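Listed below are the residues making up each chain.
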Amino acid sequence: MTSLLDRPFTRRDADADGLTGIELAALCASGELLRPSKGLYLPAHLADDVGARALAVSLVLPRGAALARESAAWLMGIDVRPPARWQQPPLLECLVPLGAVRPERPDLNAFVSDLPLGDVVDVAGVPCTSPTRTALDLARYRPAFIGLGAVDAFTHAGLTTVPELEAALRPLRGRRFVRRARDVVALCEPATESMGESWSRLRVVEAGLPRPQVQISLRENGVEIYRLDMGYDVEQVGIEYDGVEHHLKTREQRLHDDARRADIQDRFGWRVVPVTAEDVFGRRPVLEGTIMELLGISVEIRRRRWT
């Protein structure tokens, strides 16, 4: 068992080593093991090691396939899982070229697709769709909030650029879901620093409100004092996404944010609207209504359900 906890392994490896299903479940529950896919295990201390991630995926990736979409993004360090699946392993997804046999594995989403050599890269020994192809596939085949989070994150990380995404879209004109991808790329903001920021911005834009500026620097004597996720400079209205881990986990975090935003209003005159996952994914358009009121405009709000 000791050797297994130093590297990725499969359920078959665990059986050979005498590690029972009950013991595996206990290690996963304690946080010592992660389960990137059914029957695949990764020691938690290797979760940020790209080489370990790649080795884990290589244990279950079919021959001739390229890792794609959510799992390719995960291997490249981009986590596009929605809040409802944050506690679950990333989807295991791959592409196989036209004419190839589609692999059959219960937990593997395999898609037959055109797969030119230029769309495949090597990530720590594992063939993956390129960052540009991965981002565009997510923009095409996932809901807009996932697609926008993906293109924002890929461009923010420097893995691709908006011009590269636009260039890759041009030959796809007329194909399935390309218009969705084009709309998503048009909203891309590479300065965005988190998925929550992407989701919040999309909610505002979908409501028909003006597109906010991102990463607004508040300065005194040329020195940045605060930076807002997004907002409207003329009206001095800011929007900030509060994720659980860094903003809502403890009472101290919440008090710190309250004090920070009070100081922002006192020193700079900016009113800051905090946004949570409930504000983004809930049924009530409270976020949109609050922004509309602060901007002094009136639009008919139609909130789409994101699934």
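Thresholds, definitions, all that
- Residues numbered from 1 in each chain as written.
- Predicted model: local features only at pLDDT ≥ 70, side-chain atom pairs only at ≥ 80, totals over all residues.
- Heavy atoms only, no water.
- Helix = DSSP H or I, 4+ residues; strand = E, 2+ residues; numbered from the N terminus.
- Rg over C-alpha atoms; globule rule 2.2 N^0.38 Å.
- Buried < 20%, exposed > 50% of the residue type's maximum accessible area, 1.4 Å probe, protein only.
- Areas by Shrake-Rupley, 256 points an atom, 1.4 Å probe, with all protein chains shown as cover.
- Lys, Arg positive; Asp, Glu negative; His and termini not counted.
- Charge placed at Lys NZ, Arg CZ, Asp CG, Glu CD.
- Pairing = 2+ DSSP bridges.
- Core = buried A, V, L, I, M, F, W, Y, C linked by side-chain atoms within 4.5 Å.
- Contact = heavy atoms within 4.5 Å.
- Axes fitted to C-alpha atoms, helices over the stretch in contact; angles between N-to-C directions.
- Parallel < 35°, antiparallel > 145°, perpendicular 65-115°, else oblique.
- Left-handed = near helix turned anticlockwise from the far one by under 90°.
- Nonpolar A, V, L, I, M, F, W, Y, C, P; charged D, E, K, R; others polar.
- Arc of directions from axis to C-beta.
- Salt bridge = Lys/Arg side-chain N within 4 Å of Asp/Glu carboxyl O.

Caption draft 1: Broad picture of the overall build of the chain. In terms of regular secondary structure, the chain is built from 13 helices and 12 strands. Relative to the 2.2 N^0.38 estimate, which gives 19 Å for 307 residues, the radius of gyration of the chain is 22 Å and therefore close to what a compact globule would have. Across its three principal directions, the C-alpha atoms of the chain cover 65 × 50 × 40 Å. Counting every position in the chain, which comprises 307 residues, the buried fraction comes to 46%. With the model as given, the accessible surface of the chain reaches about 15800 Å², and the carbon-plus-sulfur share is 51%. If you average the places of the 40 positive and of the 43 negative side-chain charges in the chain, the two averages end up 8 Å apart.

Caption draft 2: Here's a closer look at the pairing of strand S8 (residues 126–129). For strand S7 (residues 120–123) and S8, the ladder comprises 4 bridges, and the chain directions are antiparallel. Looking at the pairing, valine 121 lines up with cysteine 128 of S8. Taking the residues between adjacent antiparallel strands as the criterion, S7 and S8 are bridged by 2 residues, where alanine 124 takes a positive phi near 55°.

Caption draft 3: Representation of unusual backbone geometry within the structure. One non-glycine residue, arginine 69, lies in positive phi territory at about 50°. Mapped onto the secondary structure, arginine 69 falls in helix H4 (residues 69–75). You can call arginine 69 buried: its relative accessible area is 8%. The backbone of phenylalanine 177 shows a phi angle near 65°, a positive value even though the residue is not glycine. One can find phenylalanine 177 in the loop between helix H7 (162–169) and helix H8 (178–186).

Caption draft 4: Up close: the nonpolar core. Counting 67 residues, the largest nonpolar core has Val80, Cys128, Val151, Tyr232 and Ile291 as the members making the most contacts within it. Looking at this core element by element, the count peaks at 7 residues for helix H6 (residues 144–156). Once residues within four sequence positions are removed from consideration, valine 151 is found in contact with Ala135, Ala139, Leu165, Val184, Val185 and Cys188. Counting 9 residues, the second-largest nonpolar core is a separate cluster that includes Leu5, Phe9, Leu33 and Tyr41.

Caption draft 5: Just the packing of helix H5 (residues 131–141) against H8, in detail. Packing of H5 against H8 brings their axes to within 7 Å, and their N-to-C directions diverge by 115°. With respect to H8, the element H5 is oriented roughly perpendicular. Considering how the two elements wind past one another, H5 and H8 form a crossing that is right-handed. Contact residues: Leu136, Ala139, Arg140 and Tyr141 in H5; Val178, Arg180, Ala181, Val184 and Val185 in H8. Class assignment for the residues of the contact of H5 with H8 results in 7 nonpolar, no polar and 2 charged.

Caption draft 6: Region of the structure containing helix H13 (residues 286–295). Among all positions of H13, only Leu287, Glu288, Ile291, Met292 and Leu295 are buried. One side of H13 carries all its buried residues, which in axial view fall inside an arc of 130°. For H13, the elements touching its buried residues are helix H9 (195–206), strand S10 (223–232), strand S11 (237–241), strand S12 (271–275) and helix H12 (277–281).

Caption draft 7: Geometry of the pattern of salt bridges. Scanning the entire structure with this criterion turns up 20 salt bridges. For the salt bridge of glutamate 93 with arginine 142, the shortest nitrogen-to-oxygen distance reads 2.7 Å. Of this pair, glutamate 93 sits in strand S5 (residues 92–97) while arginine 142 sits in the loop between H5 and H6, and the two are 49 residues apart along the sequence. Accessibility classification places glutamate 93 together with arginine 142 in one group, the buried group. Among the salt bridges present, the one from glutamate 240 reaches arginine 260, with a minimum N-O distance of 2.7 Å. Taken as a pair, glutamate 240 in strand S11 and arginine 260 in helix H11 (residues 251–268) lie far apart in primary sequence, 20 residues in all. Arginine 260 matches glutamate 240 in its accessibility class, with the two residues each being buried.

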